[in-house]
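Listed here are the chains, written in short residue letters.
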Amino acid sequence: MSDTKTIHLTVNGQYRRHEVRPRQHLVDFLREELDLTGSHLGCEHGVCGACTVKLDGAIVRGCLVLAVQADGKSVQTIEGLSESGAMRDLQQAFLNRNALQCGYCTSGMLMAASELIDTQPDASREQVRQWISGNYCRCTGYQAIVDAICDVLADRRDAGVRDDKGVAA
Ligand code: FES
Ligand code: FES
């Protein structure tokens, strides 16, 4: 019996066909087989959020999902969202606010924050704090990260108001 399984999926919009080990985790597959090393491994048991990626549009812990569970699905990583420009304002806000130091948590934090911004555009500061509480940062003390996310929420709300009034954003 074969000890690998063939999976078909799209990663950052690109079709992929790969042989994977049945117990290989999604984040290991992305890092080791596809060289997408932006997603990091921290705790390896679903606690720290460093491995956060999107699976069919929703954030998941890449260390808790097996690569075989991504068969037939769409995966987005920090590389894909960075190259598409989808989170350019969020990345700039992290820079402006000095919301990273060693950067180990940053890709997971950005993935989580981008989902919040997309799904809860009216989120309060407290809701931002709660949302990112599942992503650990050992350097920044979180305040700058919360500031950066709140900046983007406010900027996008302002841009929406300008659009509604027919003013070019
Ligand atoms: Fe996946 Fe920590 S490495 S949650
Ligand atoms: Fe170092 Fe967050 S910037 S862990």
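Residues numbered from 1 in each chain as written. Chains lettered and ligands numbered in written order. Predicted model: local features only at pLDDT ≥ 70, side-chain atom pairs only at ≥ 80, totals over all residues. Heavy atoms only, no water.

The protein chain has the name Carbon-monoxide dehydrogenase small subunit in an unreviewed UniProt entry, where Noviherbaspirillum suwonense is given as its organism.

Tracing the backbone through its elements, the reader meets C51 in the loop between α1 (26-33) and β3 (52-55). Judged by relative accessible area, which is 4%, C51 ranks as buried. Every residue in contact with C51, bar those within four places of it in the chain, is listed here: V27, S39, H40, V60, R61, G62 and C63. (Helix = DSSP H or I, 4+ residues; strand = E, 2+ residues; numbered from the N terminus. Buried < 20%, exposed > 50% of the residue type's maximum accessible area, 1.4 Å probe, protein only. Contact = heavy atoms within 4.5 Å.)

Our focus in this paragraph is the pattern of salt bridges. Between side chains of opposite charge, pairing is possible as soon as their charged atoms come close. Tallied over the entire structure, the rule returns seven salt bridges. Linking R97 and D147 is a salt bridge whose minimum nitrogen-to-oxygen distance equals 3.8 Å. Of this pair, R97 sits in the loop between α3 (88-96) and α4 (106-119) while D147 is found in helix α6 (residues 143-164), placing the two residues 50 residues apart along the sequence. Salt bridges sharing partners connect three or more residues here, namely R97, R125, D147 and D151. (Salt bridge = Lys/Arg side-chain N within 4 Å of Asp/Glu carboxyl O.)

Further remarks concern the layout of surface pockets. Approximately 180 Å³ is the volume found for the largest pocket. For the largest pocket, the lining is made up of 16 residues, of which Y104, C105, Y136, C137 and R138 are closest to its centre. Within the lining of the largest pocket, the residues separate by chemical class into nine nonpolar, six polar and one charged. (1 Å grid on protein atoms, 1.4 Å probe; cavity = no way out; pocket = protein on both sides within 12 Å on 5 of 7 lines; lining within 4 Å. Points joined across faces, edges and corners; volume = space filled by probe spheres on them. Nonpolar A, V, L, I, M, F, W, Y, C, P; charged D, E, K, R; others polar.)

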